[in-house]
Amino acid sequence: MKVTIKSCCLVEPAESTWNGCMALTESDQTGFLTHVPTIYFYRPSLNWLTSSKQTMFETLKDSLSRALVHFYPLAGRLRWLDGSRLELDCNGKGVELIEARTESDLDELGDFSPSPHFDHLIPQMNYSSPIEEIPLLSVQLTEFRCGGVTLSYNISHAATDGQSALHFITEWARLARGEPLAEEPVLDRKLFRAGEPPSARPRFQHAQFDPPPLLMGQSSSENERRKETTTAMLRLTKSQLEILRNEADGGRSDNITAARRAYSRYEAVTGHLWRSACMARGHTREQPTSLGLCVDVRRRMKPPLPDRFFGNAIIDVVARSLAGELMTRPLGYAAGKIREAIDGVTCEYVHSAIDYLKNMEDLSELQDIHALRTKEAAGAVFYGNPNLWVISWISLPLTGVDFGWGKDIAMTPGAHAGDGDSVILPGCDGDGSLVVAICLQSEFMEGFKKFFYQNIPN
């Protein structure tokens, strides 16, 4: 697919905003500091295309400028501090906005699963540049010959988590439609201890900061990192989800007591993912394996963080097992491991994790960006074979984003960072289905699909 860039500009806030350095939380400064890509697909009505007084690009540029007045940290830049720590320089330099066109048709993208075509439809970030020069948000509008369009964005994970990013996109769309802002973001990151010194030593074990298991017989993950990967979007219908939930619960609803609540869709599907990956990879029974999970802690804190807290309010946790246990025991075993890890995220646990990071002299070993800047993967934490990393977007308002020319017909993550990365999404049709986007080493993908759909017929 050939895509031609028509124009590119930096969009600054429409009004003057606060200027200065904002302290970041430990969650902002660790893990994924790179950008997270997302792409929306649209088929605007002919009526909109012929009657609108503004072009799509003009509409986006004007509304984006007004949205940045409220979300002004996104117009700033990151800046390094001692110990590989970061702060956010709210300098109003702006967000990158790109206008592009292709002579291809939207139908050529098929079912909108991630593909090499996306590389041309999503803004590419240059991590060899100084971090002070890299926009926190880059947006690309691509018009297709058929009249369809894609709107994609790459947003810095150091600036926002998924909930904050979707809040911004939703409010930007409202302004583009000519509606007022619905909910102001809460920009005070001190609510989550940004800039504070450590209050104590860690009180819990924090396995999420330890290196994950290696394949048995290997002394590093170097060989696994180099292997070719591929992605897939796998749909689970509402009836298939019920089959998995019933399996996780032991097959009988009367097994559920007040002391043990039924497993959720998320727990059942994530356990099934973990088990299927072990089977597809052909692990031995003794192979240790870890499952990385992200937990939103806004409502786990005391007092709770505001729902519209803008930043990263997530904590990573790890579930551990031997592959043989996952492959031979009922699904409820894997689901139970996941629940145990998530239920352990109390307010006290979160404060302990924050103190763990605040007590570290240098955070670089927990940051992905260094490996990308040096073109070497060895420094980045690798959650590929024999491990898995699962992110849930089930509860996020991902679809129905209308900038004035109608709601999206599809939405998908733009790419996966590498082997073992997966995202669980709500189905686009509102029918109770879920979609699993997963990246695995190419040699294991067909086997994974086989085990994934085994015993859950359509």
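For the structure itself, look to the data block above.
Residues numbered from 1 in each chain as written. Predicted model: local features only at pLDDT ≥ 70, side-chain atom pairs only at ≥ 80, totals over all residues. Heavy atoms only, no water.

Draft legend 1. Expanded view of the packing of helix α3 (residues 56–70) against helix α5 (residues 162–176). At a minimum axis separation of 9 Å, α3 and α5 run at an interaxial angle of 120°. With respect to α5, the element α3 is oriented oblique. Where α3 crosses over α5, the two elements pack in a sense that is right-handed. Contacts between α3 and α5 pair T59, L60, S63, L64, R66, A67 and L68 from the former with F168, W172, L175 and A176 from the latter. For the contact of α3 with α5, the residue count by class is 8 nonpolar, 2 polar and 1 charged. (Axes fitted to C-alpha atoms, helices over the stretch in contact; angles between N-to-C directions. Helix = DSSP H or I, 4+ residues; strand = E, 2+ residues; numbered from the N terminus. Parallel < 35°, antiparallel > 145°, perpendicular 65-115°, else oblique. Left-handed = near helix turned anticlockwise from the far one by under 90°. Contact = heavy atoms within 4.5 Å. Nonpolar A, V, L, I, M, F, W, Y, C, P; charged D, E, K, R; others polar.)

Draft legend 2. Quick look at the sheet that holds strand β4 (residues 77–81). One open sheet accounts for 3 strands, arranged β2-β5-β4; its pairing is antiparallel. Two strands bound the open sheet, and with one partner strand each, they are β2 (20–23) and β4. Pairwise comparison of adjacent strand axes, ignoring direction, gives a mean angle of 40° for this sheet. Here β4 runs beside strand β5 (residues 85–90); their pairing, made up of 5 bridges, is antiparallel. Of the residues in β5, the one forming a bridge with R79 is E87. (Pairing = 2+ DSSP bridges.)

Draft legend 3. Quick look at the pattern of salt bridges. Taken as a whole and judged by the stated rule, the model has 31 salt bridges. Between R193 and E196 there is a salt bridge; the shortest N-O distance is 3.4 Å. You can call R193 buried: its relative accessible area is 7%. Its relative accessible area of 38% is what places E196 among the partly exposed residues. Taking the shortest distance from any N to any O, the salt bridge between K227 and E443 comes out at 3.8 Å. (Salt bridge = Lys/Arg side-chain N within 4 Å of Asp/Glu carboxyl O. Buried < 20%, exposed > 50% of the residue type's maximum accessible area, 1.4 Å probe, protein only.)

Draft legend 4. Fine view of the pairing of β5. Taken across its 6 residues, β5 has 6 buried, putting it largely inside the fold. In the sheet, β2 pairs with β5 via 4 bridges, with the strands oriented antiparallel. Bridge pairing in β5 links M22 to L88. Linking β4 to β5, which pair antiparallel, is a turn of 3 residues; within it G83 sits at a positive phi near 75°.

Draft legend 5. Structural view of empty space enclosed by the protein. Throughout the structure, instances matching the rule amount to 1 cavity of 30 Å³ or more. The computed volume of the largest cavity comes to approximately 50 Å³. As for the largest cavity, its lining consists of L33, H35, L78, Y127, I131, I134, P135, L136, S156 and I369. Tallied by class, the residues present in the lining of the largest cavity amount to 8 nonpolar, 2 polar and no charged. (1 Å grid on protein atoms, 1.4 Å probe; cavity = no way out; pocket = protein on both sides within 12 Å on 5 of 7 lines; lining within 4 Å. Points joined across faces, edges and corners; volume = space filled by probe spheres on them.)

Draft legend 6. How the structure looks around the sheet that holds strand β12 (residues 388–392). Taking strand neighbours across the sheet as the criterion, the 6 strands line up as β9-β15-β14-β12-β10-β11 in an open arrangement whose pairing is mixed. With partners counted over all chains shown, the strands left at the sheet margins are β9 (229–236) and β11 (314–322), one partner each. The mean inter-strand angle of the sheet, taken between neighbouring strand axes irrespective of direction, is 20°. One ladder, built from 9 bridges, connects strand β10 (residues 288–296) with β11; its direction is antiparallel. Across the sheet, P288 pairs through a bridge with L322, a residue of β11. Those strands touched by helix α7 (residues 238–248) are β9 and β15 (434–441), and its axis lies near 95° from that of β9.

Draft legend 7. Main features of unusual backbone geometry. Residue P303 is reached from K302 by a cis peptide bond, and omega for that bond is -5°. Positionally, P303 belongs in the loop between β10 and β11. With an omega of 15°, the peptide bond running from N385 to P386 counts as cis. Summarising the element assignment, P386 is placed in the loop between α12 (369–374) and β12. Unusually for a residue other than glycine, F112 sits at a positive phi of about 65°. Here F112 shows up in the loop between β6 (95–102) and α4 (118–121). Among the residues examined, F112 registers a relative accessible area of 11% and is labelled buried. The residue N455 is not glycine, and still its phi comes out positive at about 70°.

Draft legend 8. Representation of the side chain of Q29 in the model. Following the sequence through the fold, Q29 ends up in helix α1 (residues 26–29). Note on Q29: relative accessible area 3%, which makes it buried. A distance of 3.1 Å separates a polar atom in the side chain of Q29 from the backbone oxygen of L24. A polar side-chain atom of Q29 sits 2.8 Å from the main-chain amide nitrogen of L86. Excluding anything up to four places from it in sequence, Q29 contacts L24, R85, L86, L363 and Q367. (Polar contact = N/O pair within 3.5 Å; in protein donor to acceptor, adjacent residues only side chain to side chain.)

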